Amino acid sequence: MPNQSSLNDKTIVGLFWSFLDLLSKGGIQLGLQIILARLLLPDHFGLLGMVIVFITISTIVIDSGFSQALIRDKNTTQLDYTTVFYFNLFISFCAYGLLFVFAPSISDFYSEPQLVAIIRVISLVLIVNSLGIIQRVKIIKKIDFKTLTKINVFSVAISGGITITMALLGYGVWSLVMNMILAALVQTILLWFYNKWIPSLSFSYQSFTKYFGFGSKLLVSSLIDTFYNNIFYVIIGKVFSTTQLGYYSNAVKFRDLAALSISTAVERVSYPVLSSIQDDDIRLKLSFKKVIKTTAFVYFPIMAGLAAVAFPLFGLVIGDKWLPSVVYFQLLCIAGMLYPIHLLNLTILQVKGRSDLFLVIEVVKKVILTVLILFALTMKLGIIGLIMAALLNSFLSFFVNSYFSGTAIGYSTKEQLKDLLPAFIIAVVMGVSVYCLGFILPANYLVKLVAQVGIGIIMYVVLCKILHVQELRVVYQILFAIVLKKKKAYL
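A quick note: this is a predicted structure, and the numbers were derived from the prediction, not measured. (Residues numbered from 1 in each chain as written. Predicted model: local features only at pLDDT ≥ 70, side-chain atom pairs only at ≥ 80, totals over all residues. Heavy atoms only, no water.)

Another point: the overall build of the protein. Looking only at helices and strands, one finds 20 helices and 0 strands in the protein. Burial analysis of the protein (491 residues in total) assigns 53% to the buried set. Taking contacts inside the protein between residues at least 6 apart in sequence as the whole, the part at least 24 apart equals 83%. Taken as a whole, the protein presents about 21300 Å² of accessible surface, with 72% of it coming from carbon and sulfur. (Helix = DSSP H or I, 4+ residues; strand = E, 2+ residues; numbered from the N terminus. Buried < 20%, exposed > 50% of the residue type's maximum accessible area, 1.4 Å probe, protein only. Contact = heavy atoms within 4.5 Å. Areas by Shrake-Rupley, 256 points an atom, 1.4 Å probe, with all protein chains shown as cover.)

Here is the structure:
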């Protein structure tokens, strides 16, 4: 078992490179999204939104929870990696074949003839991604996020440049399709380049059953979660127009650049680190408590702030034609405030080997969401009503997730609420104040945005100092440790 000093060093270095990955990759993706939003029409994003659910679900099936199982296992062998590699590859070809065959049916469902060709081409990304799953797992197990950062940044930059060129040449939705394929292709090539692992010519049924026992439970729960996370694309694409789906799709993408990027950065570092102390319940609880409080301290104000400055942000960055997306984006930001907290709570269950609880948790949460969605559709509340259903479900899901994870490590829902409420309340007060400030500031988008962001940051830090929020000092210490390590690296 690693000592505390070694664990802290790995965590800090991992977080540094994970967040550098977030800033660099996210910055490139943001720039790409801005340019494409100005070059393309909402309809183009809407068409891609119609098929994304099928690609996402297929990706979950291909992995089948094996990645998490391999990362958690401290004694993986060459045979284990090889077995999982061949399984992933085989399932990817099966998934591609099914989507190729059923492409016309999906096209008929949406009444969009273009989808047949789009689905048959974009599904190639499934095979490409499956070839790099084991390489990614091995890099993550070493907590080598410096290498992952290089890979992600380079793949996004290369694919982004080609995508912009295609959009300028008038390829429309096909520029978005090629962006996904090229990003996956470059990423997979680099994963093989940086990780010299080669599969053996063998397959072990014993290895397969060992990991499938853990991964299958994650697979079913992930399928349910993924389907419901993408069900709004299906409903909006079927019930409303392609243009409306485009507005919603772009709002989700801009929200996810912050929400999913930060959440993923924290989760992918915390999982291998917490897994290394899975047998020490006291250290596990203390480490998890620190991670969850620090994450909330950083994440809550970002999401509240984005919701508050959405109007000048969209108007300045992607233009007035996307202003109908603003209200969707604001509600999605509020709904996403607890997203990393959900992930971290579920991570604890994986660390403790309680994948059997995943299915129970997902069923409970999705029953609640189904009731809320049916209510919104029955009452004809439109897209706003659907997003409000997701928002309410997100907050209710916290109680479900925290109950089960709290039971596993003795960190109850009540304790989590007590730890999270200070940052949440301060973030909400800051967000509401900044939003109201927008009504009295000049109409100029740039002036309004700069003023709101500046005042929001100052207000949040000052309130945290006045109320003696400990996480402010923790963040300072982490930043100082990172800077100190970087200086040592250059000496």
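On to the confidence of the model for the protein, then. Per-chain confidence: the protein averages 82 in pLDDT, with 85% of residues scoring 70 or above. Throughout residues 3-8 the model reports pLDDT below 50, and contacts reaching past four residues in sequence, or to other chains, amount to 7 contacts. Low confidence marks residues 486-491, where pLDDT is under 50. Its contacts with residues over four positions away, or in another chain, come to 2 contacts. (pLDDT = per-residue confidence, 0-100.)

Once that is clear, we can look at the nonpolar core. Judged by nonpolar contacts, the single largest core of 124 residues is most densely connected at Leu-115, Tyr-248, Phe-300, Ile-318, Ile-341 and Tyr-460. Non-local contacts of Phe-300, meaning those with residues more than four positions away in its chain, are made with Met-337, Leu-338, Ile-341, Leu-420, Ala-423, Phe-424 and Ala-427. Counting 7 residues, the second largest nonpolar core, distinct from the first, contains Leu-346, Phe-358, Ile-361 and Val-400. (Core = buried A, V, L, I, M, F, W, Y, C linked by side-chain atoms within 4.5 Å.)

Before going further, it helps to examine helix α19 (residues 445-466). Structural remark: α-helix, 3.6 residues per turn; residues separated by three or four positions point the same way. For α19, built from 22 residues, the straight-helix expectation of 32 Å at 1.5 Å per residue is met to within 8% by its first-to-last C-alpha distance of 31 Å. Listed as buried for α19 are Lys-448, Leu-449, Gln-452, Gly-456, Tyr-460 and Cys-464. Along α19, the residues classed as buried sweep out an arc of 100° about the axis, all on the same side. Structural note: α19 exposes Val-450, Ile-458 and Ile-466 on the side pointing more than 90 degrees away from its buried face. For α19, the capping residue at the N-terminal end is Asn-444, with a side-chain oxygen 3.0 Å from the backbone nitrogen of Leu-446. (Expected span 1.5 Å × (residues − 1). Arc of directions from axis to C-beta. Polar contact = N/O pair within 3.5 Å; in protein donor to acceptor, adjacent residues only side chain to side chain.)

Following the criterion strictly, the structure yields 22 aromatic pairs and no others. A centroid spacing of 6.4 Å and a plane angle of 70° characterise the contact between Tyr-81 and Trp-197, whose relative ring orientation is edge-to-face. In this pair, Tyr-81 sits in helix α4 (residues 78-110) while Trp-197 sits in the loop between α9 (173-194) and α10 (205-239), placing the two residues 116 residues apart along the sequence. When sorted by exposure, Tyr-81 lands in the same class as Trp-197, which is buried. Seen in terms of ring centroids, Phe-254 and Phe-314 are 5.6 Å apart; in terms of plane orientation they differ by 55°. Their pairing is tilted. On the criterion of sequence distance, the pair formed by Phe-254 in helix α11 (residues 242-275) and Phe-314 in helix α13 (residues 310-317) is long-range, its members being 60 residues apart. Exposure remark for Phe-254: the relative accessible area of 11% places this residue in the buried category. Members of the aromatic cluster, connected to one another through ring pairs, are Tyr-81, Phe-85, Tyr-86, Trp-192 and Trp-197. The aromatic ring of Phe-100 is capped on one face by Arg-120, whose charged end is 4.2 Å from the ring centroid. Between the NZ or CZ atom of Lys-238 and the centre of the ring of Phe-109, over which it lies, the distance is 4.8 Å. (Phe/Tyr/Trp six-rings, centres within 6.5 Å; stacked < 30°, edge-to-face > 60°. Lys NZ or Arg CZ within 6 Å of the ring centre and 35° of its normal.)

Another point: the pattern of salt bridges. For the coordinates displayed, the defined rule picks out 3 salt bridges. Its salt-bridge partner being Lys-285, residue Glu-415 comes within 3.5 Å of it at the nearest N-O pair. One end of the pair, Glu-415, is in helix α18 (residues 413-437); the other, Lys-285, is in helix α12 (residues 281-308), and 130 residues separate them in sequence. Residue classification places Glu-415 among the partly exposed positions, given a relative accessible area of 29%. Across the pair Asp-419 and Lys-289 runs a salt bridge whose closest N-O atoms are separated by 2.8 Å. (Salt bridge = Lys/Arg side-chain N within 4 Å of Asp/Glu carboxyl O.)

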